[in-house]
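Given next are the chains, with one letter for each unit.
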Amino acid sequence: MAPESFNSNDNASNLPYDDGFLDSLSPLNSEKAVKEVIEQPLVEGIEDHLVEFSEAMRTVGKVLRRAAEGKASAQAEASEWKRKYELEREKNMQLENKVLASVEPYHNLEPYHTRTEKKIENPAQYLEPMHETNEQPQAFCGKNGIYSHEVLWDKEQKSYSNARSKLIRKASFKLHWSCKGEKHDQHKHDVVSFEKGNITTAERSSKQISLKWESPPQTVLILTKPNSISVKVICAEMVRWLREKKLNIYVEPRVRTELVAESSYYNFVQTWKDGDGVLLLHEKVDLVVTLGGDGTVLWAASLFKGPVPPIVPFSLGSLGFMTPFHSEQYKECLKSLLQGPISITLRHRLQCHVIREAAKNEYETEEPILVLNEVTIDRGISSFLTNLECYCDNSFVTCVQGDGLILSTTSGSTAYSLAAGGSMVHPQVPGILFTPICPHSLSFRPLILPEHVTLRIQVPFNSRGHAWASFDGKDRKQLAPGDALVCSMSVWPVPTACRGDSTNDFLHSIHEGLHWNLRKTQSFDGPRES
């Protein structure tokens, strides 16, 4: 069947296209239409990408602005803390200069003048072998060490009675290097010398320090552990024995009350009544005797905010790292110590003070605190990790994230620092232990820093909670975000008497107190090398 014929004239009106569409089918118009159809999707796609790109650039701009603002804020905060640190440092230098300016030679003392104190900066420059004892007493001065004691005069005050205006004499002493019987002087006055292009250190037969009395001790302070019957009995006996030796005896107010309640015989025992009396103890006391454990030694050290008299610690406590003397032999020990010479250990202390975030000048810092063992910064009752920023002489050290941080002396290396994984260090090694408490890190190891540095522990402003600082286990202080704790080595060490010498006492304490490296010896009957 043939297809039906198509008549264009009849069906043109029925087509869905208008006349304009038909005109566009010409060669020129068709090319233009195809171009528009192709370019239209491309333009729309480019516009979409431009919108996305502009939004991304705005986001990047916001991030950069925030980063710049954060950097500026951090720089401003760092500048503020640097300013506060410099103010505190300047304050400490001014206080030190005032102390040094108040020191005058012994021969220039006049009535009613304050006592002369000369401090040892470098023991190697002033300590001499014990066999050279014919020299005249000399004044010691410097930055570090304990003070030699000279004749003391009371301050002139109108309210003082005639009895208080009389001369008070303290026992004077000198420090020596102990040469252990050597007849020749192996000591060089320079710790480090440079001669003929060679650097050498001082040669010493022993670094053990000995104290020799230049005048006999006259006043003894006895400090006891409270709530102990055995300590009370020994204290009463010791007071009677020292009284027979014509010595003046000081005790705490609590102890004097107990002694007088026991017998009126003890009315001669002296004490103090208020905080001012405690501050003047170092001007009256020649020797301190402690009856208790290490805690009693810490208590004795805390009573002296400046120079500390030699301490004789008798063991009546638990471990006793700093108490080498046995209380049962107190008569023999004290008789030997009162005659001298005494081997002593100079135990360094840390000076700590808190700088609050709101502090505007150097006068708003809190009173310094001296610690013999350690200062601990922990998270307290907070369930969050402690966040602490640590600086050493203005250099960033690390950020501690964990339960806290311990800054310890070498004497405190066998205390809390030891339990937190720190090293045991000989007490006469000058240094500061930097020990983290349960750090949330596998690579955070303890450090031992030199004694001349200044450490600043700061609670950052973005910390989730407060931190708490405790000093020798007491006097807890809260540290809010922005607060800082500054620690440095104090110029006032604590001299404690040794039973043998410093090293023997230290080794004996870790063997007896901690059973250090105690194990059964390997049997000799077994496989042997051929």
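As shown above, the structure is provided for reference.
Keep in mind that this is a model prediction, so the values were computed, not measured.

In this model, helix 5 (residues 229-244) (16 residues) spans 23 Å end to end at C-alpha, consistent with the 22 Å of a helix rising 1.5 Å per residue. Within helix 5 the residues assigned to the buried category are Val231, Ile234, Cys235, Ala236, Met238, Val239, Trp241 and Leu242. Following helix 5 by one or two positions, lysine 246 adopts a phi angle in the positive range, close to 65°.

As a further point, take unusual backbone geometry. Geometrically, the link from glycine 340 to proline 341 is a cis peptide bond, its omega value of -5° lying close to zero. Its location among the elements puts proline 341 in the loop between helix 9 (330-339) and strand 13 (342-347). If you check the backbone angles, asparagine 394 has positive phi at about 70° while not being a glycine. Mapped onto the elements of the fold, asparagine 394 is located in the loop between strand 17 (386-392) and strand 18 (395-408). The exposure class of asparagine 394 is partly exposed, given its relative accessible area of 39%. Positive phi, normally seen in glycine, also occurs at aspartate 475, with a value near 55°. Among the secondary structure elements, aspartate 475 is positioned in strand 23 (residues 474-479).

Moving on to the packing of aromatic side chains. Each aromatic ring pair is specified by the distance between its two centres and by the angle formed by the two planes. Counting across every chain of the model gives six aromatic pairs. Measuring from centroid to centroid gives 5.3 Å for tyrosine 265 and phenylalanine 268, while their planes differ by 80°, and the two rings are edge-to-face. Judged by centre distance (5.8 Å) and plane angle (50°), the ring pair of phenylalanine 314 and phenylalanine 325 falls under tilted. A residue pair is termed long-range when its members are at least 10 positions apart, and phenylalanine 314 in strand 11 (residues 311-315) and phenylalanine 325 in strand 12 (residues 325-326) qualify at 11 residues. Phenylalanine 325 carries the same exposure label as phenylalanine 314, and that label is buried. Taking the ring centre of tyrosine 391 as reference, the NZ or CZ of arginine 456 above it sits at 4.3 Å.

Before going further, it helps to examine the pattern of salt bridges. This structure, assessed with the given rule, holds five salt bridges. In this structure, aspartate 483 and arginine 356 form a salt bridge, with 2.9 Å as the shortest nitrogen-oxygen distance. Highlighted residues: aspartate 483 in the loop between strand 23 and strand 24 (484-489) and arginine 356 in the loop between strand 14 (350-355) and strand 15 (369-371), separated in sequence by 127 residues. A relative accessible area of 5% means that aspartate 483 is categorised as buried. Assessed through its relative accessible area of 23%, arginine 356 is described here as partly exposed. With a closest N to O distance of 3.1 Å, arginine 476 and aspartate 378 form a salt bridge. Here arginine 476, found in strand 23, pairs with aspartate 378, found in strand 16 (residues 374-378); they are 98 residues apart in sequence, far enough to count as distant. The exposure class assigned to arginine 476 is partly exposed, which follows from its relative accessible area of 43%. A cluster of three or more residues bridged by salt bridges with shared partners is formed by Glu252, Arg254 and Glu258.

Conventions adopted
- Residues numbered from 1 in each chain as written.
- Predicted model: local features only at pLDDT ≥ 70, side-chain atom pairs only at ≥ 80, totals over all residues.
- Heavy atoms only, no water.
- Helix = DSSP H or I, 4+ residues; strand = E, 2+ residues; numbered from the N terminus.
- Expected span 1.5 Å × (residues − 1).
- Buried < 20%, exposed > 50% of the residue type's maximum accessible area, 1.4 Å probe, protein only.
- Phe/Tyr/Trp six-rings, centres within 6.5 Å; stacked < 30°, edge-to-face > 60°.
- Lys NZ or Arg CZ within 6 Å of the ring centre and 35° of its normal.
- Salt bridge = Lys/Arg side-chain N within 4 Å of Asp/Glu carboxyl O.

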